[in-house]
Amino acid sequence: MDNIAFSGIRDIFEECARLEANGRDVVHLEIGRPDFDTPKEIKAAGIDAIEDGRVHYTSNYGIEPLREAIAQKFATENGLDYDPSTEIVVTSGATEAVLVTVLALVDEGEEVLVPDPGWTYTPSTRMAGATPVTYDLDPEMGFQPDPKSLSAAVSDQTRLLVVNSPQNPTGGMLDETHAAVIRDVAVENDLLVLSDEIYEKIRYDGREHRSLGALNGMQERTITVNGFSKAYSMTGWRLGYLGAPARFVDPIVRVRQYTSTCAPSMAQHAGVRALMSGLHTPIVEAFTRRRDRVSERIEDVPGMECSTPSGAFYAFPTLPSGHEDERAFAASLLEEAGVALVPGTVFGEVGAGRVRIAYANSVDRIDEAFDRLEAWL
């Protein structure tokens, strides 16, 4: 555990709680938690499950109706063909899906390629006794994977390649050219791929999401992770899922049997309802307005530069003029102005001189945060 750092985001979150307990008003732009309520139709399905007594353990794989709905979603939206009986696993959030995948499929001493900047993948790798090896996402290319960095990171010990699109913390999205780069590296080196697609429904300007598993030669080697927290504002329901070939699901389920056993049963029934229609649409429309406002306000801050986010709900700008230490900047801004951001190096070395802004807050509060930032500067 000495090799597993405490979450840098949670450090900021706890400091916010301390300030608020002392009466301070803090504008929260630090945590990836949509501020919307869960859509009422989804809540009603969860309430119905509770009132009907569907409150007990489920299969380690998840309830059959949800696995069937997920398989249908994969087929129609992602071009992925999974058997709901043997190739879908419902998890307690997408974060657990990542962890159980790494624990199940990576041996001690092997290497896992993780994006820099990125989130959660390095601690998961270390928990498995494996070694995380980073590859760079290029800010000059909208945080696409750097092909040279990726190729140089591969070794004889590499087992798994992790990709996240749309990305946390950058808001970038994998384009067609770089998706092909990922595919070629994976196929040529016979690597497994963990494709984290939790933000897939939150994208802007008509951008299309590409599931890596749908590319030629990829489904047989790819574990596709997704969930309900972000697009449906269901963070507290703890509901995620993965699709993978049955030969990978077998060890993954064995890990699940000794961790959370199953996702909350009432949350699983709510998940069935979430997948039945476009309940995420109003949430994505609101994020679009917030993305546009954050981009406008960043442009007005001297020295702050940021590629326009293509997806998710994060911006990853450089520090304002006159500031170089992202940790000192974030700490001072929080303490003195009541604005909570996350230092970029929480997510890796590429984050040096940057901060992450999570625009999971209202336009009014976003404006308040930038007003305070400008006055503080």
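Further up the page is the structure itself.
Residues numbered from 1 in each chain as written. Predicted model: local features only at pLDDT ≥ 70, side-chain atom pairs only at ≥ 80, totals over all residues. Heavy atoms only, no water.

Undergrad: So what's going on with the overall build of the protein chain? Which residues, and what values?
TA: Each helix and strand in the protein chain was counted, giving 12 helices and 13 strands. Over its C-alpha atoms the protein chain spans a radius of gyration of 20 Å, differing by no more than 12% from the 21 Å that the globule rule assigns to 377 residues. With the C-alpha coordinates of the protein chain rotated into their principal frame, the extents come out at 55 × 55 × 45 Å. Burial analysis of the protein chain (377 residues in total) assigns 56% to the buried set. Summarising the internal contacts of the protein chain: among those between residues at least 6 apart in sequence, 74% fall at separations of at least 24. Accessible surface computed for the protein chain: about 15700 Å², of which carbon and sulfur atoms make up 46%. Here the protein chain contributes 34 positively and 59 negatively charged side chains, and the mean placements of these two sets differ by 4 Å. (Helix = DSSP H or I, 4+ residues; strand = E, 2+ residues; numbered from the N terminus. Rg over C-alpha atoms; globule rule 2.2 N^0.38 Å. Buried < 20%, exposed > 50% of the residue type's maximum accessible area, 1.4 Å probe, protein only. Contact = heavy atoms within 4.5 Å. Areas by Shrake-Rupley, 256 points an atom, 1.4 Å probe, with all protein chains shown as cover. Lys, Arg positive; Asp, Glu negative; His and termini not counted. Charge placed at Lys NZ, Arg CZ, Asp CG, Glu CD.)

Undergrad: Describe in detail the packing of aromatic side chains, supporting the description with residues and values.
TA: Per the stated rule, a full pass over the model turns up 13 aromatic pairs. Relative to Tyr-241, the ring of Phe-228 lies with its centre 5.6 Å away and its plane at 65°, an arrangement referred to as edge-to-face. Taken together, the positions of Phe-228 in the loop between strand E8 (222–227) and strand E9 (240–243) and Tyr-241 in strand E9 put the pair 13 residues apart, joining distant regions of the chain. Judged by its relative accessible area of 2%, Tyr-241 is buried. Between Phe-329 and Trp-376, the ring centres sit 5.6 Å apart and the planes meet at 75°, which makes this aromatic pair edge-to-face. Residue Phe-329 is found in helix H11 (residues 326–337), and its partner Trp-376 is found in helix H12 (residues 363–376); the two are separated by 47 residues along the sequence. Trp-376 gets classed as partly exposed once you look at its relative accessible area, which sits at 22%. (Phe/Tyr/Trp six-rings, centres within 6.5 Å; stacked < 30°, edge-to-face > 60°.)

Undergrad: Which residues make up the pairing of E9, and what values go with them?
TA: Consecutive side chains of a regular strand alternate in pointing toward one face of the sheet and then the other. The two faces of E9 match: Gly-240 and Leu-242 on one face and Tyr-241 and Gly-243 on the other face are all buried. Pairing between strand E2 (residues 88–91) and E9: 4 bridges, direction antiparallel. Across the sheet, the residue bridging to Val-89 is Leu-242, located in E9. (Pairing = 2+ DSSP bridges.)

Undergrad: How would you summarise the environment of Ile-31 if you had to cite specific residues and measurements?
TA: Inspection of the secondary structure puts Ile-31 in the loop between strand E1 (27–28) and helix H2 (40–51). Residue Ile-31 is classed as buried on the basis of its relative accessible area, which comes to 12%. For the pair Ile-31 and Arg-10, spaced 21 residues apart in the sequence, the C-alpha separation amounts to 8.2 Å. Not counting residues up to four positions away in its chain, the partners in contact with Ile-31 are Ile-9, Arg-10, Phe-13, Arg-356, Ala-358 and Ala-360.

Undergrad: Before we move on, can you summarise the sheet that holds strand E13 (residues 355–358) with the specific residues and values?
TA: Strands sit in the order E10-E13-E12 across an open sheet of 3 strands; the sheet is antiparallel. The sheet terminates laterally at strand E10 (314–315) and strand E12 (342–343), the two strands that pair on one side only. When E10 meets E13, the two strands line up antiparallel, connected through 2 bridges. Bridge assignment links Ala-315 to a residue of E13, and that residue is Ile-357.

Undergrad: Would you mind going over the sheet that holds strand E3 (residues 111–116) in detail, with residue names and values included?
TA: Pairing in this open sheet of 8 strands is mixed, and the strands run E2-E9-E8-E7-E6-E3-E4-E5 from one edge to the other. The open sheet has two edge strands with one neighbour each: E2 and strand E5 (144–145). Packed on one face of the sheet, helix H3 (residues 64–78) meets E2, E8 and E9 and runs near 115° to E2. (Axes fitted to C-alpha atoms, helices over the stretch in contact; angles between N-to-C directions.)

Undergrad: Any chance you could break down the nonpolar core for me, citing the residues and the numbers?
TA: Nonpolar side chains in soluble globular proteins tend to be buried together. Of all hydrophobic cores here, the largest spans 58 residues; its most connected members are Leu-160, Val-225, Leu-242, Phe-287, Phe-313 and Leu-341. Here this core takes 6 residues from helix H4 (residues 94–105), the largest share from any one element. Other than its neighbours up to four places away in sequence, Leu-341 contacts Ile-12, Leu-29, Glu-30, Phe-329, Ala-330, Leu-333, Val-355, Arg-356 and Ile-357. Counting 25 residues, the second-largest nonpolar core is a separate cluster that includes Tyr-135, Leu-137, Ile-182 and Leu-191. (Core = buried A, V, L, I, M, F, W, Y, C linked by side-chain atoms within 4.5 Å.)

Undergrad: Residues and numbers for the side chain of Gln-167, please.
TA: Within the fold, Gln-167 resides in the loop between strand E6 (158–164) and helix H7 (176–188). A polar contact of 2.9 Å, which involves the side chain of Gln-167, links it to the backbone oxygen of Phe-143. Setting aside its immediate chain neighbours within four residues, Gln-167 contacts Leu-137, Phe-143, Gly-172, Ala-312 and Tyr-314. (Polar contact = N/O pair within 3.5 Å; in protein donor to acceptor, adjacent residues only side chain to side chain.)

Undergrad: Outline unusual backbone geometry, listing residues and values.
TA: Backbone geometry follows two general trends: most residues other than glycine have a negative phi, and most peptide bonds adopt the trans configuration. A cis geometry characterises the amide bond from Asp-116 onward to Pro-117, with omega recorded as 5°. Mapped onto the secondary structure, Pro-117 falls in the loop between E3 and helix H5 (121–127). Even without glycine at this site, Asp-205 takes up a positive phi of about 60°. Of note, Asp-205 is situated in the loop between strand E7 (192–196) and E8. Accessibility expressed as a relative area gives 62% for Asp-205, which makes it exposed.

Undergrad: Residues and numbers for the pattern of salt bridges, please.
TA: Per the counting criterion, the structure on display carries 24 salt bridges. Lys-73 serves as the salt-bridge partner of Glu-77, at 3.6 Å between the closest nitrogen and oxygen. With Glu-77 and Lys-73 both in helix H3, this residue pair falls 4 residues apart, about one helical turn. On the basis of relative accessible area, Glu-77 is assigned to the partly exposed category, the value being 44%. For Lys-73, a relative accessible area of 5% corresponds to the buried category. A salt bridge links Asp-371 to Arg-297, with the shortest nitrogen-to-oxygen separation between them at 2.8 Å. Placement of Asp-371 in helix H12 and of Arg-297 in helix H10 (residues 281–299) is noted, with a sequence separation of 74 residues between them. (Salt bridge = Lys/Arg side-chain N within 4 Å of Asp/Glu carboxyl O.)

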